[in-house]
Structures are given as structure tokens and as C-alpha cells.
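# An overview of the molecular structure
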Amino acid sequence: MRVFQVETEWTDDNLRIGERPEPTAGPGEVRLKMLASALNYRDLLVPRRGYGSRMQALPLIMLSDGVGRIDQVGSGVDAYRIGDRVCPLFFSTWPGGEPSAEHLGRSLGCESDGTMAEYMVVPAATVAPVPAHLDDAEAATLPTAAVTAWRALVTEGRVKAGDTVLVQGTGGVSLFALQFARMLGARVICTSSSDEKLERVRELGADVTINYRSTPEWGRVARDAAGNGGVDHIIEVGGQGTLAQSLRAVRPGGTLSLIGVLGGGAMDAPLGLVVTRHVRLQGITVGNREDFLAMSRAVAHNGMRPVVDRSFPFEELREAMQYLASGRHFGKICIRH
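Okay, so let's go over this structure. (Residues numbered from 1 in each chain as written. Predicted model: local features only at pLDDT ≥ 70, side-chain atom pairs only at ≥ 80, totals over all residues. Heavy atoms only, no water.)

### With respect to the overall build of the protein chain
Helices and strands together make up the secondary structure of the protein chain, namely 10 helices and 16 strands. Taking 2.2 N^0.38 as the reference for a compact globule, 337 residues should give roughly 20 Å; the C-alpha atoms of the protein chain span a radius of gyration of 20 Å, in line with that estimate. If one aligns the C-alpha atoms of the protein chain with their principal axes, the spans along those axes are about 60 × 40 × 35 Å. Of all 337 residues assigned to the protein chain, the portion counted as buried reaches 54%. The contacts in the protein chain between residues at least 6 apart in sequence include a share of 69% that link residues at least 24 apart. Approximately 14000 Å² of the protein chain is accessible, and the part contributed by carbon and sulfur atoms is 48%. Computed over 36 positive and 38 negative side-chain charges, the separation of the two mean positions in the protein chain equals 4 Å. (Helix = DSSP H or I, 4+ residues; strand = E, 2+ residues; numbered from the N terminus. Rg over C-alpha atoms; globule rule 2.2 N^0.38 Å. Buried < 20%, exposed > 50% of the residue type's maximum accessible area, 1.4 Å probe, protein only. Contact = heavy atoms within 4.5 Å. Areas by Shrake-Rupley, 256 points an atom, 1.4 Å probe, with all protein chains shown as cover. Lys, Arg positive; Asp, Glu negative; His and termini not counted. Charge placed at Lys NZ, Arg CZ, Asp CG, Glu CD.)

### Things to note about the sheet that holds strand 12 (residues 231-236)
The 6 strands are arranged 11-10-9-12-13-14 in an open sheet whose pairing can be described as parallel. Only two strands of the sheet have a single neighbouring strand rather than two, namely strand 11 (208-211) and strand 14 (280-283). Recorded for the sheet is a direction-independent mean angle of 20 degrees between the axes of neighbouring strands. Examined bridge by bridge, strand 9 (residues 164-168) and strand 12 share 3 bridges and lie parallel to one another. Counterpart to Leu166 in the pairing with strand 12 is Ile234. Relative to strand 11, helix 5 (residues 195-204) is tilted by about 170 degrees, and along the sheet it contacts strand 10 (187-192) and strand 11. Here helix 6 (residues 218-226) sits on the sheet and contacts strand 9, strand 10, strand 11 and strand 12; the angle it forms with strand 10, its principal contact strand, is near 165 degrees. (Pairing = 2+ DSSP bridges. Axes fitted to C-alpha atoms, helices over the stretch in contact; angles between N-to-C directions.)

### Things to note about the environment of Gly327
Within the secondary structure, Gly327 is located in the loop between helix 10 (317-326) and strand 16 (332-336). Taking the C-alpha atoms as reference, Gly327 lies 8.5 Å from Gly171; in sequence the two are 156 residues apart.

### Describing the layout of surface pockets
Regions of empty space are outlined by a rolling probe, equal in size to a water molecule, passed over the atoms. In this structure, the second largest pocket encloses a volume near 360 Å³. Leu108, Asp113, Met120, Val121 and Val122 are the residues nearest the centre of the second largest pocket, which is lined by 20 residues in total. Of all the elements, strand 7 (residues 119-123) adds the most residues to the lining of the second largest pocket, at 5 residues. Partitioning the lining of the second largest pocket into residue classes produces 13 nonpolar, 4 polar and 3 charged. (1 Å grid on protein atoms, 1.4 Å probe; cavity = no way out; pocket = protein on both sides within 12 Å on 5 of 7 lines; lining within 4 Å. Points joined across faces, edges and corners; volume = space filled by probe spheres on them. Nonpolar A, V, L, I, M, F, W, Y, C, P; charged D, E, K, R; others polar.)

### Describing the pairing of strand 6 (residues 85-88)
Going residue by residue along strand 6, you find Arg85 and Cys87 tucked away on one face and Val86 and Pro88 tucked away on the opposite face as well. Two elements, strand 5 (residues 65-73) and strand 6, share 2 bridges in a ladder whose sense is antiparallel. Its bridge partner lying in strand 6, Arg69 is registered against Arg85. Relative to strand 8 (residues 127-129), strand 6 is paired through 3 bridges, and the arrangement is antiparallel. By the bridge assignment for strand 8, Val86 is matched with Pro129.

Structure representation (C-alpha cells):
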């Protein structure tokens, strides 16, 4: 079967199409005929061994997100049948409950082979069904970005109707957070450097938009727009570059879900504000199978559709990654198998 993998050495130049033996489902396993995959920012770091020694030895099949149709069912598997459409989950060792070192130790496309293959064989306990109304590209976007946004706002954040949520930018996690926040009845403030993208998030339901290029002190503006002392919950993806403004925007007792560090990984913010304003700073790394199932039920019930910017053919993974790195996208970038 064809795969897209990092071979021989950890460099972008060694990201190539290769071949692997076609796998067969064993006891307790299912085989997926992969239909689509989706990219996340982490995938840009993988070919350079950006996650260090914990990563699987080469060769490593790329990407953590995907959807497939079950075409083989191993003995002892009763929950699924041939023809079921499912997503392999980001963490294969986190079925539910609180995070632990064991739960966070094995993710697709990093510590184990990912979704850029014609077939995947995985334990049946590490897949989950997808909402029937989604097409393959939309379904492929769910395991990482959607679960991350859900865990931040619902599992950890307990956002409720009437709260104000601030999302940074228009990447996959941020747009899912916007959609989920609206689903929950919350008001949404969105920041971006692009007026064109801000117009598009208003179409998705954002109540307030702020261009952080033209308004560098956007934290104060967001706080005033939120009222009640500030924003209840912030989806923080910038890290070093945005945390100081987020701390100015959040209300006393509010929550910052730290999901990304696109603007730098150092802590360069007035930490006294965390203490004196009783702010909760919550790290989020995707979520577990229970999170996926709850998120999927909500998506199905509300008929929500993920925002897909563009889909590339399997052979153009490199081009898709370049497009992701450019920052021109609005929503998710997908791969057709």
C-alpha cells in the first residue's frame, strides 16, 4: 500500500511517498480503508523531529487526523461492522478520565504511525463513529482540532449560555471553538490580522471582531466589549505573543485555555495578574475518547459542519503543508485519499 512518511532522516526533504505491506486486522482490531486526512500545525514540526526523542523511530507515517471505512473486523470485535465510517483517535491510550503520563504517551503521527496510508489497522477501542451528515473531509477534521476545542470549552471550561468566549485567529481549533461556543449560547469575540477573515467569522456568528494589527492593545478592547469585568474564557493559541493581552482581557476568575504557542513558547506576561485576579490557566492537549463521543453527538444533533478551507490530493501533502505554513487558510486543510 502507499503511505506518505518521513524516511531515513528527520528533515523535510525526507518526507516522501513510500510503500508498506498491506496490513490485516487481528483479534480485537479493525482495518480502515482511509478516505481522508486533515492537517494540524503540529504536522509541520514532525518531519524535523520537533517532538524529540519520544517520537517513533523512522520511518514514520504522517498526520494525526483522518477518517476511514472499516473493511475488516477482527475476532472479538462486536461494536463495529464492515462499512462503518470511523475516525482513529488522536490518543490511543486515553479512553476517558483525567490525563496521565500513560494517557498522553501515544499519539498518531508522532509516537505511532499516522493516517497518511491507504489502510490502517488499529484496536477497535481506539476508533469512534462520525456524524452521518458530514462528508469525508469534514469528518477527518474532528479528532484533533474539534476535540481540543470541545475539551477546552466543555469538559474543562464548562462554558454556559451567556458567557463570553474569545478565540484567537481563524485556524482549525479557533473556528471549532467559535462554532461550539455559539452552540452553547455564548457570545464570541474573535481576533485576527485580516479584515477579510474577520468578515468571515462574523458570518459564522462572531459577535465582536478585533484586528490585532490595527489594535495592538486588543486586550483592553475585548475586556470592555465583554462587559462584566472581562472575558469568561479565552482560547489562547499564540502563547508568548498573545498571553499578555489575554490576561488583560480575561475577567477575574476567568479561564485561559492554553492550546498553542504560535507566537513563542516562553512565559513573557505579567503573571501577577494570574494570581491577583484568580485566573485559571489551563493547558489543553486534545482529549480522550469520551470527549470525542460527546463532541460528535453535539455536532450531529446541531447539524454543525466543520469549516474546510481546501482539500489536496494524497500526492500533494508537501504542498498542503506549505499552504498551512503560509497562514492563508481559513479553517481546516484536508487530504483526499
